[in-house]
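# Breakdown of the fold
Chain by chain, the residues:
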There are 2 protein chains.
Amino acid sequence: MIDVAVVGATGAVGKELLTVLEQARFPVGRLTLYASERSAGATLCFRGGEHAVLPLDAAAAAAHDEVFLCAGAGVTRAVLPALRRGRARVSDNTSALRLDPRVPLVVPEVNGARVQEGRGHVCVPNCTAVLLCHALAPLQRAFGLKSAWVASYQAVSGAGRRELERLGAELRADLLGEAAPAAPHPLAFNAVPFIGGVAAAVDAACGVFSGEEIKVAAETRKILEQPDLEMAATCVRVPVLRAHSEAVFVELKSRPALEEVRAALHAAPSVELRDEPEKLVFPTPRAASGGDGIHVGRLRRLERPGSFAFFLAGDQLRKGAALTAVQIAQLQWDLPVTLRIA
Amino acid sequence: MIDVAVVGATGAVGKELLTVLEQARFPVGRLTLYASERSAGATLCFRGGEHAVLPLDAAAAAAHDEVFLCAGAGVTRAVLPALRRGRARVSDNTSALRLDPRVPLVVPEVNGARVQEGRGHVCVPNCTAVLLCHALAPLQRAFGLKSAWVASYQAVSGAGRRELERLGAELRADLLGEAAPAAPHPLAFNAVPFIGGVAAAVDAACGVFSGEEIKVAAETRKILEQPDLEMAATCVRVPVLRAHSEAVFVELKSRPALEEVRAALHAAPSVELRDEPEKLVFPTPRAASGGDGIHVGRLRRLERPGSFAFFLAGDQLRKGAALTAVQIAQLQWDLPVTLRIA
């Protein structure tokens, strides 16, 4: 049995992680939950038992067998020296080390073998990148990938509990005439094309990319091990509660038929094809919410040779974060990897 | 003064058209409103007066000076023989004749001169294509256009009054626990990537494009007079009330600097740049609602030479339909063209 700690247990990903650990029957021996001073003192339920949430203590956290990091990048950087001195294996859901060349960035179905190179510390990619790579990797493998242009439709739960509450308050204001919270860009009935703030490295010659757009492009290239992949994302928040969607345009190096592309996607372990639009079967974030598959559909061959368009949707808290983190821990402990629960 | 008829006066575009005719001080002499048998008998307000809505009579409609067609494509086809026998000039907001090579498809700021070739019948393009062409045309003119990949975020008002009511009912069901209407794909908290049904011409080798996707691509090529433009759209309905948005990726034939692209967009007559993301200034559908400009922002230069990404938002009922229809009528009568009211 494995002595498990969850850092950031009270956040959306932390809570989802507890659910997935339980559902996947991860061999949790002792379970210790950490959060910020503000959230410490709460209790969370795991396998029918109540677990107190403790204020984070880096040295104590480093003494567990497996540590899941689900707080912010700042917290990861703060506990990192202690973790490096300790013996814990780390499944890191934060962005702090994702682009560190010494740290593997892993989507288990895509590059799970890289876990063993992590000297104990493995990063879970950004949720939008995780979902995207499930669809891009089989295309890259079968046909070679030249470019990928991605427009996202991202759920408000990805922005945290307060933004979800803001959406609810704005909708009630619009529907019931309650007082609306003031905000420069409402979430209700809107599409907000700027996620994650201004990226640290702004190059005036290229314009301002958002933090999310930089992550999606850089992490996708690292996961697919293709630094020359021509890609860009425009990341947009939409009034969806849960599950991110992405409209993807790809150019492949070879020029397969539509059915060959469909077969490659169909064979990908966690892709679920939803592609009979004439029967109203296509991916939507509501249908993908709570599930563990990446729904892919609306597949079309475009006029430019080797170019295709498709649409995908996946639960960014489960498959895009918590389940991937648990799968990485399973690989770290040579356990069978859980592909699908829900 | 011009004797004006509006066919389909009680729909969303018809009502918006009456507002724009009034705001633009179009020299309406007599005004006659037509609608289906079901809507006939209603009254609508114009310049403070009440106007009865009459059941459509094709011969009578053809006897006016200017006829605005705002009902469905089927209604346009039904009244067309009478219109062709009559002397009315037609500003046609429906899809029936948009791709007919004898009929001009006009975005006034882009190809307004084509109106004179229409022998009286001129088509207003699909609203998503109108908004897109305002941004693409200046880039095509200055740099040449090689490809355009577009993912849309389309407002529910574009699907009609019943879909707006369905969104409201679904939101109340989710927020207040009222009974939810049954639907295969809810609009509330969702992104529905299939607009306009299955396109008539399905090529199994290319997959199923939606009617909207076919329109956007074919009409954009016709407006820009570039049949070889490599382009595709993925059209997605989102829970926005009004104004469509589009994430656009373009490849230009030359390789301008970011500031040259920005200058070309800035100089376009109906484009309003909203591009200071570091100050939270970017296009959103809520901010574009009710206005007459196409908000463009999030402009970025991509790694592929000559490639750029941007995001746009515009009111699809005003600029995407009613205002464009009125501008076309102004050109048909050699009147000054109204660029901006709201």
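Please refer to the structure placed before this passage.
The rules behind each value
Residues numbered from 1 in each chain as written. Chains lettered and ligands numbered in written order. Predicted model: local features only at pLDDT ≥ 70, side-chain atom pairs only at ≥ 80, totals over all residues. Heavy atoms only, no water. Helix = DSSP H or I, 4+ residues; strand = E, 2+ residues; numbered from the N terminus. Rg over C-alpha atoms; globule rule 2.2 N^0.38 Å. Areas by Shrake-Rupley, 256 points an atom, 1.4 Å probe, with all protein chains shown as cover. Lys, Arg positive; Asp, Glu negative; His and termini not counted. Charge placed at Lys NZ, Arg CZ, Asp CG, Glu CD. Buried < 20%, exposed > 50% of the residue type's maximum accessible area, 1.4 Å probe, protein only. Polar contact = N/O pair within 3.5 Å; in protein donor to acceptor, adjacent residues only side chain to side chain. Contact = heavy atoms within 4.5 Å. Axes fitted to C-alpha atoms, helices over the stretch in contact; angles between N-to-C directions. Left-handed = near helix turned anticlockwise from the far one by under 90°. Nonpolar A, V, L, I, M, F, W, Y, C, P; charged D, E, K, R; others polar. Least-squares fit on C-alpha atoms with pLDDT ≥ 70 in both. Salt bridge = Lys/Arg side-chain N within 4 Å of Asp/Glu carboxyl O. Patch = residues over 30% accessible without salt bridge, like charges linked within 9 Å, V, L, I, M, F, W, Y side chains within 5 Å. Core = buried A, V, L, I, M, F, W, Y, C linked by side-chain atoms within 4.5 Å. Expected span 1.5 Å × (residues − 1). Bend = angle between axes of the 7 residues up to and from the residue. Disulfide = S-S within 2.5 Å. Buried area = accessible area lost by both parts, 1.4 Å probe.

With that settled, the discussion passes to the overall build of chain A. Across its full length, chain A carries ten helices and 13 strands. For 342 residues, the compact-globule estimate of 2.2 N^0.38 gives 20 Å, and chain A sits close to it at 20 Å. C-alpha atoms of chain A, sized along the principal axes, occupy 60 × 55 × 45 Å. Element-wise, carbon and sulfur atoms account for 53% of the exposed surface of chain A, whose accessible area totals about 12500 Å². For chain A, the distance from the average site of its 38 positive side-chain charges to the average site of its 36 negative ones is 2 Å.

What follows deals with the side chain of Asp-65 of chain B. Residue and element names in this part refer to chain B. Inspection of the secondary structure puts Asp-65 in the loop between α2 (58–61) and β5 (66–69). Overall, the relative accessible area of 14% leaves Asp-65 in the buried class. A polar contact of 2.8 Å, which involves the side chain of Asp-65, links it to the backbone nitrogen of Asp-3. Excluding anything up to four places from it in sequence, Asp-65 contacts Met-1, Ile-2, Asp-3, Arg-87, Ala-88, Arg-89 and Trp-333.

Glancing now at the packing of helix α5 (residues 127–143) of chain B against helix α7 (residues 211–224) of chain B. All names here are of chain B. Where α5 contacts α7, the axes come no closer than 10 Å and their chain directions differ by 40°. Considering the relative orientation of α5 and α7, their crossing is right-handed. Contacts between α5 and α7 involve Thr-128, Ala-129, Leu-132, Cys-133, Leu-136, Ala-137 and Gln-140 on the former and, on the latter, Glu-212, Val-216, Glu-219, Thr-220, Ile-223 and Leu-224. When the residues that make up the contact of α5 with α7 are grouped by side-chain class, the tally is eight nonpolar, three polar and two charged.

A word on the relation of the copies chain B and chain A. Mapping chain B onto chain A leaves a residual RMSD of 0.0 Å; the transformation is a rotation of 180° accompanied by 0.0 Å of translation along its axis. Accordingly, the operation relating the two chain copies is best matched by a two-fold axis. Looking at chain B, 100% of its interface residues are interface residues in chain A too, so the copies touch through the same face.

Moving on: the pattern of salt bridges. Pairing is possible between side chains of opposite charge, provided their charged atoms come close. Evaluation of the coordinates by the stated rule reveals 52 salt bridges over all chains. With a closest N to O distance of 3.3 Å, Glu-213 of chain A and Arg-300 of chain B form a salt bridge. Placement of the pair is Glu-213 of chain A in helix α7 (residues 211–223) and Arg-300 of chain B in strand β12 (residues 294–301), with the two residues belonging to separate chains. When sorted by exposure, Glu-213 of chain A lands in the same class as Arg-300 of chain B, which is buried. Arg-166 of chain B is paired through a salt bridge with Glu-170 of chain B; the nearest N and O atoms lie 2.9 Å apart. One end of the pair, Arg-166 of chain B, and the other, Glu-170 of chain B, are both in helix α6 (residues 161–176), four residues apart, so they sit about a helical turn from each other. You'll find Arg-166 of chain B and Glu-170 of chain B in the same group, each marked buried.

Residues and elements named next belong to chain A. A contiguous patch of positive charge on the surface is contributed by Lys-15, Arg-38, Arg-161 and Arg-162. With respect to the helices and strands, Arg-161 occurs in helix α6 (residues 161–176). A relative accessible area of 51% places Arg-161 in the exposed class.

To continue, consider the nonpolar core. Leu-136, Leu-139, Val-250 and Phe-310 of chain B are the most contacted members of the largest nonpolar core, which has 44 residues in total. With nine residues, the top contributor of residues to this core is α5 of chain B. By size, the runner-up hydrophobic cluster in this structure holds 42 residues, among which are Leu-80, Val-216, Val-261 and Ala-264 of chain A.

Attention now goes to helix α3 (residues 73–85) of chain A. The terminal C-alpha atoms of α3 of chain A lie 19 Å apart, and with 13 residues this matches the ideal 18 Å at 1.5 Å per residue to within 8%. The largest bend in α3 of chain A amounts to roughly 45° and is located at Val-79 of chain A, with the proline Pro-81 of chain A lying one to four residues further along.

Residues and elements named next belong to chain A. Scanning all chains against the criterion turns up zero disulfides over all chains. You can see Cys-127 has no disulfide; the closest cysteine sulfur is in Cys-235, sitting 9.3 Å from it. Its relative accessible area of 18% is what places Cys-127 among the buried residues.

With 64 residues of chain B at the interface, the matching set in chain A holds 64 residues. Across the chain B to chain A interface the summed buried area is about 5600 Å²; carbon plus sulfur atoms make up 64%. Together, Phe-189, Arg-286 and Arg-304 of chain B form the three largest contributors to the area buried by chain B at its contact with chain A, with a combined 14%. At the junction of chain B and chain A, the tally comes to twelve salt bridges. One salt bridge in this structure joins Glu-230 of chain A and Arg-304 of chain B, with 2.6 Å as the shortest N-O distance. Secondary structure elements with two or more residues in the side of chain B that touches chain A: β8 (145–153), α6, α7, β9 (230–234), β10 (244–252), α9 (285–288), β12 and β13 (307–314) of chain B. Element by element, the count of residues in the side of chain B that touches chain A is highest for β8 of chain B, at seven residues. When the residues that make up the side of chain B that touches chain A are grouped by side-chain class, the tally is 42 nonpolar, eight polar and 14 charged.

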